Amino acid sequence: MLDIITGMQFGDEGKGRIVHNLALTGKYFAGARAQGGNNAGHTVVHDGEIYKLHLLPAPVLLGKKGYLGRAMVLDLDVLMQEIHSLQKRDLTLDLLIDPRAHVIMPWHKDLDVLNEAKNGDYAAGSTGRGIGPCYASKHERTGIRVTDFFYDNERVNILLEEYTRKVNFLSGGMRFDSIHQKYVSQIAETRSKVTFLEKYFGDVSQGIATDLSLARNILGECAQAEMLDVDGPYYPRGTSSGTSAVGFWNGIGVGPTRESLGFVIGVTKAYTTRVGKGPFVTEIEGDLAQALREKGGEYGTTTGRARRVGWLDIPMLKHALVPSGITHLALTKLDILGGMETFLIAEHYEDGDIIPSLGYEQVKPVYRTMVGWPAFSEEEYKRQFEHGVDYIPHGALRWFLQTLENHLERPIGMISFGQSSSAFVSYL
Ligand code: IMP
Ligand code: MG
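Residues numbered from 1 in each chain as written. Chains lettered and ligands numbered in written order. Predicted model: local features only at pLDDT ≥ 70, side-chain atom pairs only at ≥ 80, totals over all residues. Heavy atoms only, no water.

S.K.: What exactly am I supposed to notice about the site of ligand 1 here?
M.R.: Within the structure, ligand 1 sits among 17 residues, and Ala-124, Thr-127, Thr-239, Arg-274 and Val-275 are positioned closest to it. In the environment of ligand 1, an oxygen atom lies 2.6 Å from a nitrogen or oxygen atom belonging to the side chain of Thr-239. Arg-274 is positioned such that a nitrogen or oxygen atom in its side chain is 2.8 Å from an oxygen atom of ligand 1. Protein coverage of the free-state accessible area of ligand 1, which is 470 Å², stands at 96%. (Near = heavy atom within 4 Å. Polar contact = N/O pair within 3.5 Å; in protein donor to acceptor, adjacent residues only side chain to side chain. Areas by Shrake-Rupley, 256 points an atom, 1.4 Å probe, with all protein chains shown as cover.)

S.K.: How should I be thinking about helix α1 (residues 15-24) in this particular structure?
M.R.: The α-helix advances 3.6 residues per turn, and as a result positions three or four apart in sequence lie on the same side. Counting buried positions along α1 gives nine out of 10 residues, so the element sits mostly inside the fold. By the burial criterion, the buried members of α1 are Lys-15, Gly-16, Arg-17, Ile-18, Val-19, His-20, Asn-21, Leu-22 and Ala-23. Positive phi appears at Gly-26, one or two residues downstream of α1, with a value of about 85°. (Buried < 20%, exposed > 50% of the residue type's maximum accessible area, 1.4 Å probe, protein only. Helix = DSSP H or I, 4+ residues; strand = E, 2+ residues; numbered from the N terminus.)

S.K.: How should I be thinking about the packing of helix α3 (residues 106-119) against helix α7 (residues 176-194) in this particular structure?
M.R.: Packed helices, taken two at a time, are described by the angle between their axes plus the distance between the axes. Closest axis-to-axis distance for the α3/α7 pair is 9 Å, and the angle between their directions is 130°. Judged by the angle between their axes, α3 and α7 are oblique. Contacts from Pro-106, Trp-107 and Asp-110 of α3 reach α7 at Lys-182, Tyr-183, Gln-186 and Ile-187. For the contact of α3 with α7, the class distribution of residues is four nonpolar, one polar and two charged. (Axes fitted to C-alpha atoms, helices over the stretch in contact; angles between N-to-C directions. Parallel < 35°, antiparallel > 145°, perpendicular 65-115°, else oblique. Contact = heavy atoms within 4.5 Å. Nonpolar A, V, L, I, M, F, W, Y, C, P; charged D, E, K, R; others polar.)

S.K.: Can you help me understand the packing of aromatic side chains in this one?
M.R.: A complete count under the given rule lists 16 aromatic pairs for this structure. Both rings, one in Phe-385 and one in Phe-417, keep their centres 5.4 Å apart while their planes meet at 55°; by these two values the pair is tilted. Of this pair, Phe-385 sits in helix α13 (residues 378-385) while Phe-417 sits in the loop between β16 (412-416) and β17 (424-426), and the two are 32 residues apart along the sequence. Each member of the pair Phe-385 and Phe-417 is classed as buried. Aromatic rings pair up to connect Phe-10, Tyr-234, Phe-280 and Tyr-360 into one cluster. It is Arg-89 that lies over the ring of Tyr-51; its NZ or CZ is 3.9 Å from the centre. (Phe/Tyr/Trp six-rings, centres within 6.5 Å; stacked < 30°, edge-to-face > 60°. Lys NZ or Arg CZ within 6 Å of the ring centre and 35° of its normal.)

S.K.: Would you mind going over α3 with me for this structure?
M.R.: The end-to-end C-alpha separation of α3 is 20 Å, in line with the 20 Å expected for 14 residues at 1.5 Å each. Of the positions making up α3, those classed as buried are Pro-106, Trp-107, His-108, Leu-111, Asp-112 and Glu-116. The secondary structure elements touched by the buried residues of α3 are β7 (102-103), α4 (131-140), α6 (153-170) and α7. (Expected span 1.5 Å × (residues − 1).)

S.K.: What is the right way to read the sheet that holds strand β14 (residues 342-349) from this model?
M.R.: Picture the strands of a sheet paired through backbone hydrogen bonds; they go either parallel or antiparallel. If you trace the three strands from one edge of the open sheet to the other, you get β12-β14-β15, paired in mixed fashion. Either end of the sheet is taken by a strand with one partner, and the two such strands are β12 (312-313) and β15 (365-371). Sheet strands touched by helix α11 (residues 314-324): β12 and β14. Its angle to β14, the strand with the most contacts, is close to 55°. (Pairing = 2+ DSSP bridges.)

S.K.: Even after reading the chapter, I still don't get the coordination of the magnesium ion (ligand 2), so can you show me in this structure?
M.R.: Octahedral six-donor coordination of a metal ideally yields angles of 90 or 180 degrees, compared with 109.5 degrees for tetrahedral four-donor coordination. Around the magnesium ion (ligand 2), the protein contributes the donor atoms Asp-12 (OD) and Gly-41 (O), at 2.3 to 2.4 Å from the metal centre. You can see Asp-12 sitting in the loop between β1 (2-7) and α1 and its partner Gly-41 sitting in the loop between β2 (30-36) and β3 (42-46), a full 29 residues away along the chain. Judged by relative accessible area, Asp-12 falls into the partly exposed class, the value being 22%. Assessed through its relative accessible area of 15%, Gly-41 is described here as buried. (Donors = N, O, S within 2.8 Å, 3.2 Å for Na, K, Ca; no water.)

Next comes the structure, spelled out in structure tokens:
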């Protein structure tokens, strides 16, 4: 079966960590990524060491097979660095990369910067990795797939001319030669470094379909999150791919069947964070925000930017249930709220309890004050979680978790309450 992990907020919910804990159970034959690129950043603590992954699925850290699906956009230099850095740490990698995935070309990175400047107030605060322009090229059919990069020089050269003209035009029209020269040498350098990637290419759709037919379990990681889905309520400030479980199936190129559909686990922090620009209706400012940011280590894995922090937004989580068909919740960073006398959750909005289809920007959250619980140690949390959410001894802690389950009508399947992989409980 395929189990899918998806973020229910603005990303950075701790999906990498949940994936890692699940992979440790031994249930899975492989891990898969399907969309997005190195805008994603998954931090995984394994054997006391910190790994920051941008492209490879986290189960490769445990020696599992890793699939990179066809709807990903790949910066080949970054991919290679990531492979090398894991090999240096003595990991043997068993990868299959779908050559239909698109390559982030040097012009995509330039266009990312130019577009963001041009978009002004509507800019997303992109990670600057060329993700949006690469997906734009793909859909405009002027993209370069991994397979073209290796086997179709002519197409690369034609597009090199075309995109040099475009970038030159957008940056004042006087620099065609220098831009052209820069791209030629960057592409040559990438080519000289990445030839060895070829051995990893193969049909990911067929590979996963075969695994599933042999009853091998696959663990799928959606990158980014529901709010950032290109078809979601946050457009145009989100990312450029389909980030929900639906996007995941599309991205690996396999259709769900009754036999292959496993859990879909929606991951949410106990509060909300946002890295990037745009509306954030439950945002907190000032000292409290700074304290939460520090305690939660809320700095971007990919860009190092300070994340904006805010209260948990129940309607946002309700929105996420639908596009992904979420079956279970995973709650992360619970310990960060521990020790607060009170805290808030947005239970609904003034005009309803879901994000209206006309947009998230105008909604006004209605808060409920929650009583806090002490700053429990890892052991104290563990003891309390032993028998399930309904048996937690501390009333305030139980009340918070039950409130979530009641609003979302899904059970909490996993909780994390500290950085180490042992600060974790699963009821699945
Ligand atoms: P892009 O995906 O780099 O184009 O960025 C578009 C928006 O999505 C920006 O607001 C980014 O900050 C946000 N974003 C993209 N990837 C991630 C992620 O993995 N975690 C959190 N935010 C992300
Ligand atoms: Mg991240």
